[in-house]
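What follows is each chain in one-letter form.
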Amino acid sequence: MIDVNSNAYTLDTYTKGKYLCEACPYIYDPEKGDPEGGIPAGTPFENIPDDWLCPICKVDKTHFKKINDSVKKGGF
Ligand SMILES: [Zn+2]
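Everything numeric in this text was worked out from a predicted model, so none of it was measured.

Focus: the overall build of the protein chain
- The secondary structure content of the protein chain amounts to 2 helices and 3 strands.
- Out of the 76 residues belonging to the protein chain, those deemed buried represent 7%.
- By sequence separation, contacts in the protein chain at least 24 residues apart represent 49% of the contacts at least 6 residues apart.

So, the sheet that holds strand β3 (residues 64-66)
- Sheet architecture is open: 3 strands sit in the order β2-β1-β3, paired in antiparallel fashion. The sheet terminates laterally at β2 (27-28) and β3, the two strands that pair on one side only.
- Looking at chain direction, strand β1 (residues 19-21) and β2 are connected through 2 bridges and run antiparallel. Across the sheet, the residue bridging to Y19 is Y28, located in β2.

Comments concerning unusual backbone geometry
- Even without glycine at this site, K58 takes up a positive phi of about 70 degrees.
- Looking at where K58 falls in the secondary structure, it is placed in the loop between β2 and β3.

Comments concerning the environment of P44
- Looking at where P44 falls in the secondary structure, it is placed in the loop between β2 and β3.
- The spacing of P44 and D29 is 15 residues in sequence and 8.4 Å in space, taken between C-alpha atoms.
- If near-sequence neighbours (up to four positions away) are discounted, P44 is found in contact with G17 and P30.

About the cut-offs
- Residues numbered from 1 in each chain as written.
- Predicted model: local features only at pLDDT ≥ 70, side-chain atom pairs only at ≥ 80, totals over all residues.
- Helix = DSSP H or I, 4+ residues; strand = E, 2+ residues; numbered from the N terminus.
- Buried ≥ 20, exposed ≤ 12 C-beta atoms within 10 Å, placed from the backbone.
- Contact = placed C-beta atoms within 7 Å.
- Pairing = 2+ DSSP bridges.

Below, the structure is given as structure tokens:
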């Protein structure tokens, strides 16, 4: 058996759903979640409670940007 499917899954989800904090270098990775902040691994950013704060600089969710969009389009 060739394990092609697991490879494809890993590539597809590598950047999917990651969010970058605008105020510090923290990146929210839904695969890891934020266990110390009460967010279990596997939680999409959209499902994080609005009162969740960046574990490093304590800004709220409105200061996070989706990585896929900003990286691909740039737009300066
Ligand atoms: Zn931050």
